[in-house]
Structure formats: structure tokens, C-alpha cells
Amino acid sequence: MSKNYDKAFKVQTVQMIQEEGKPVSQVARELGISANTLYRWVAEHNQDGKQAFPGSGNLKPEDQATRELHKRIRDLEEENDILKKAMHYFAKDRR
């Protein structure tokens, strides 16, 4: 069963590794966390900086923008399909 850790804990742990120079294996033993998990946290923090670890149900700003654009595309495609069906319906009445 996996545990959920908050952003502050993850950031503090990554700082312990990077700034204090503690080895990942030592921090993993001290905190009872898998070394692989700590390596992933360090990689995420290095890649995303302050936007790393957005939390459950939250997205990074660029991911949120992408999600909104995909939703907008779906809505426009649905609207387009409705208009096409209406066009065919009204074209039949004119004959």
C-alpha cells in the first residue's frame, strides 16, 4: 500500500538530498521510503522546480492548459457535428 506525502515533505526531502549532500540510500533508510521513489522526486523537482508535486487532482499549469484546449476541441467538434446534422435535416425540407 502506497503512502501519500504532501508537497512540503517531498520538497524538504529533496533539499536534504541536494543541499545537504546526503546519499539517497541513507535518506531512504532514515525515512522508510523506497530509494526509487526518492530518485523520482529528485527528477521531478529538477525538471519542474516550484511547480513540482502539484498534488492529487491538481495539474501543472501547462497540463491544465492542454486539458482545457482538448476540452475546447471536443466541444467544437460536437458543435460542428450538430450543425452538419441540422444542415442535412433542413436541406431535405427544401426539396
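Residues numbered from 1 in each chain as written. Predicted model: local features only at pLDDT ≥ 70, side-chain atom pairs only at ≥ 80, totals over all residues. Heavy atoms only, no water.

**Q** Describe the side chain of T13, with residues and values.
**A** Here T13 is to be found in helix α1 (residues 7–18). Separated by 2.7 Å, the side chain of T13 and the backbone oxygen of F9 make a polar contact. Not counting residues up to four positions away in its chain, the partners in contact with T13 are V27, L31, L38 and W41. (Helix = DSSP H or I, 4+ residues; strand = E, 2+ residues; numbered from the N terminus. Polar contact = N/O pair within 3.5 Å; in protein donor to acceptor, adjacent residues only side chain to side chain. Contact = heavy atoms within 4.5 Å.)

**Q** Can you explain α1? Please cite residues and give values.
**A** Compared with an ideal rise of 1.5 Å per residue, which puts twelve residues at 16 Å, α1 spans 16 Å between its outermost C-alpha atoms and is within 8% of the ideal. Taken together, the buried positions of α1 are occupied by K10, T13, V14, M16 and I17. Across the axial projection of α1, the buried residues extend over an arc of 155 degrees, all falling on one side. Facing away from the buried side of α1, by more than 90 degrees, are the exposed residues A8 and Q12. Where α1 is buried, its residues meet α2 (24–31) and α3 (35–48). (Expected span 1.5 Å × (residues − 1). Buried < 20%, exposed > 50% of the residue type's maximum accessible area, 1.4 Å probe, protein only. Arc of directions from axis to C-beta.)

**Q** Got a sec to walk through a negative patch on the surface? Specific residues and values, please.
**A** A cluster of acidic residues, E77, E78, E79 and D81, forms a negative patch on the protein surface. By the element assignment, E78 lies in helix α4 (residues 61–93). (Patch = residues over 30% accessible without salt bridge, like charges linked within 9 Å, V, L, I, M, F, W, Y side chains within 5 Å. Areas by Shrake-Rupley, 256 points an atom, 1.4 Å probe, with all protein chains shown as cover. Salt bridge = Lys/Arg side-chain N within 4 Å of Asp/Glu carboxyl O. Lys, Arg positive; Asp, Glu negative; His and termini not counted. Charge placed at Lys NZ, Arg CZ, Asp CG, Glu CD.)

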